[in-house]
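Tertiary structure, described
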Amino acid sequence: MADTAVTEFHVVTLFPEVIEALSAFGVVGRAVAAGIIGISAHQLRDYCGGSIHAVDDAPYGGGPGMVMRPEPIYAAVEDLRARFAPKRSILLTPQGRRFDQATARRLAVSGDLLLFCGRYEGVDERARGLFDEEISMGDFVMSGGEIAAAALVDCVARLIPGVLGSEQSAERESFSETLLEYPQYTRPVRFRNMAVPAVLTSGNHARIEAWRREQALARTRARRPDLLAHKPGRNDP
Ligand SMILES: C[S@@+](CC[C@H](N)C(=O)[O-])C[C@H]1O[C@@H](n2cnc3c(N)ncnc32)[C@H](O)[C@@H]1O
């Protein structure tokens, strides 16, 4: 796999406004404004026309809801591949591999990404073969893939060099080394009878480092003991 940072996220969606909003604020918005990353939303309906009349149709065999037709999905993905040559294409679906920080790290060095957001009852089974991988945001069902795509873009973008102010801030966050992050405090030193731990105001950096490590371990043991059994790379494809 090429070791290049993502510069462009291409998102195919029926609701481009949701994806475009990502460029408008916060860390991701600043990275777009600085030209470090790009986020392009592509309207799936633009790939309907001629013999393709609608993006969805009733399921063969009956049942509730509508299914996304394969023709516009193929037309969109093939067109975007021809024009922008994204390195990986990803279908967002609750049936995919569960997204986590290891997956985000892998995607952050995978090159440009194409993300496809489903709607209705999801995509015609024949469209699945178009994608390099399928990713789920968790064991729950949302009404569309846009929020899943937004979460993925946000999470991957902050791992791209230059997106966060200090490279260290991503390195030390929860999951960066399979531990949850240590507790954080800011001013005031005392708030409603709750004091900042004295070690943090001691100025002794070695003691602060040791305290943070202990706290991160204790917190992970208490809240997410499963992470301590984590094997690096377990979520690599
Ligand atoms: C209502 S869901 C379809 C669920 C589908 N009938 C199933 O049972 O697998 C519509 C779309 O939302 C997106 N979606 C819903 N939940 C998701 C999740 N947990 N992770 C990623 N995408 C999700 C997918 O793109 C999906 O095609």
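Here the residue numbering is sequential within each chain, running from 1 through the sequence in written order. Only residues with pLDDT of 70 or above have their local features reported here, since the model is predicted, and side-chain atom pairs are shown and tallied only from 80 upward, although totals for entire chains, interfaces and linings are computed over all residues. Computation of side-chain values: all heavy atoms of the structure, hydrogens and water removed.

Right, let's talk about unusual backbone geometry for a bit. Trans is the common state for peptide bonds, and a negative phi is the common state for residues other than glycine. Residue proline 188 is reached from arginine 187 by a cis peptide bond, and omega for that bond is 5 degrees. Secondary structure elements follow DSSP: runs of H or I no shorter than four residues count as helices, runs of E no shorter than two count as strands, and numbering proceeds from the N terminus. Its place among the elements puts proline 188 in the loop between α6 (167–171) and β8 (190–191). The phi dihedral of alanine 85 falls on the positive side, at around 50 degrees, and the residue is not glycine. By secondary structure assignment, the location of alanine 85 is in the loop between α3 (70–84) and β5 (88–98). With a phi close to 55 degrees, tyrosine 120 is a non-glycine residue in the positive phi region.

Once that is clear, we can look at the confidence of the model for the protein. One number per residue, pLDDT, summarises how confident the predictor is, and it ranges from 0 to 100. Residue-level pLDDT values for the protein average 92, and 93% of them are 70 or greater. Taken together, the stretch residues 233–237 has pLDDT below 50 and engages in 12 contacts with residues farther than four places along the chain or on a different chain. By definition in these notes, contact holds between two residues if any of their heavy atoms fall within 4.5 Å.

With 15 residues, α3 ought to run about 21 Å at 1.5 Å a step, and its terminal C-alpha atoms sit 21 Å apart, in line with that. Of all the positions in α3, only Pro70, Pro72, Ile73, Ala76, Val77 and Leu80 are classed as buried. Directly beyond the C-terminal end of α3, a positive phi value near 50 degrees is found at alanine 85. Here the expected span of a helix is defined as 1.5 Å times the quantity of residues minus one. Burial classes: relative accessible area under 20% of the type maximum marks a residue as buried, over 50% as exposed, and values in between as partly exposed (1.4 Å probe, protein chains only).

It is worth spelling out a nonpolar patch on the surface at this point. A cluster of nonpolar residues, Phe15, Val18, Phe140, Met142 and Ile147, forms a patch on the protein surface that exposes about 440 Å² of accessible area. Of note, valine 18 is situated in helix α1 (residues 16–20). Two distance rules govern patches: like charges are joined within 9 Å, and nonpolar side chains (Val, Leu, Ile, Met, Phe, Trp, Tyr) within 5 Å, applied only to residues with over 30% relative accessible area and no salt bridge. Calculation of accessible area relied on Shrake-Rupley with a 1.4 Å probe; when residues are assessed, cover is drawn exclusively from the protein chains displayed. In what follows, salt bridge is the name for a side-chain nitrogen of Lys or Arg lying within 4 Å of a carboxyl oxygen of Asp or Glu.

Domain assignment breaks the protein into domain 1 (8–157) and domain 2 (174–229). Relative to domain 2, the C-alpha centre of domain 1 lies at a distance of 37 Å. Throughout, the edges of the domains are those of an automatic or database domain assignment.

This part is about the site of the ligand. Any residue with at least one heavy atom within 4 Å of a molecule or strand is counted as near it. In the vicinity of the ligand lie 20 residues, with Leu92, Gln95, Gly118, Met137 and Phe140 positioned nearest. Taking methionine 142, its main chain carries an N or O atom lying 2.9 Å from a nitrogen atom of the ligand. In protein, a polar contact requires one atom able to donate a hydrogen and another able to accept it; more generally it is a pair of N or O atoms within 3.5 Å, and residues adjacent in sequence count only if both atoms are side-chain atoms. Glycine 144 places a polar main-chain atom, nitrogen or oxygen, 3.4 Å from an oxygen atom of the ligand. Relative to its unbound accessible surface of 580 Å², the ligand loses 85% to contact with the protein. Breaking the shell around the ligand down by element, the ones donating at least two residues are β5 and β7 (133–136). Among the elements that make up the shell around the ligand, the one with the highest residue count is β5 (4 residues).

Turning to the side chain of aspartate 124, a few remarks are in order. You can see aspartate 124 is positioned in the loop between β6 (113–117) and β7. By relative accessible area, which is 13% here, aspartate 124 ends up buried.

Turning our eyes to something else, we now look at the packing of helix α4 (residues 101–108) against helix α5 (residues 146–157). In a pair of packed helices, the angle between the axes and the distance between the axes together describe the arrangement. Axes here mean lines fitted to C-alpha atoms, for a helix over just the part in contact, with angles spanning 0 to 180 degrees between N-to-C directions. Two numbers describe how α4 lies on α5: the axes approach to 9 Å, and their chain directions differ by 70 degrees. As judged from the angle between their axes, α4 and α5 are roughly perpendicular. Side by side, α4 and α5 meet where Gln101, Ala104, Leu107 and Ala108 of the first sit next to Leu152, Cys155 and Val156 of the second. Side-chain classes follow a simple rule in which Ala, Val, Leu, Ile, Met, Phe, Trp, Tyr, Cys and Pro form the nonpolar group, Asp, Glu, Lys and Arg form the charged group, and the remainder, Gly included, forms the polar group. Partitioned by chemical class, the residues of the contact of α4 with α5 number 6 nonpolar, 1 polar and no charged. Any angle from 65 to 115 degrees is called roughly perpendicular, while one under 35 is roughly parallel, one over 145 is roughly antiparallel, and all others are oblique.

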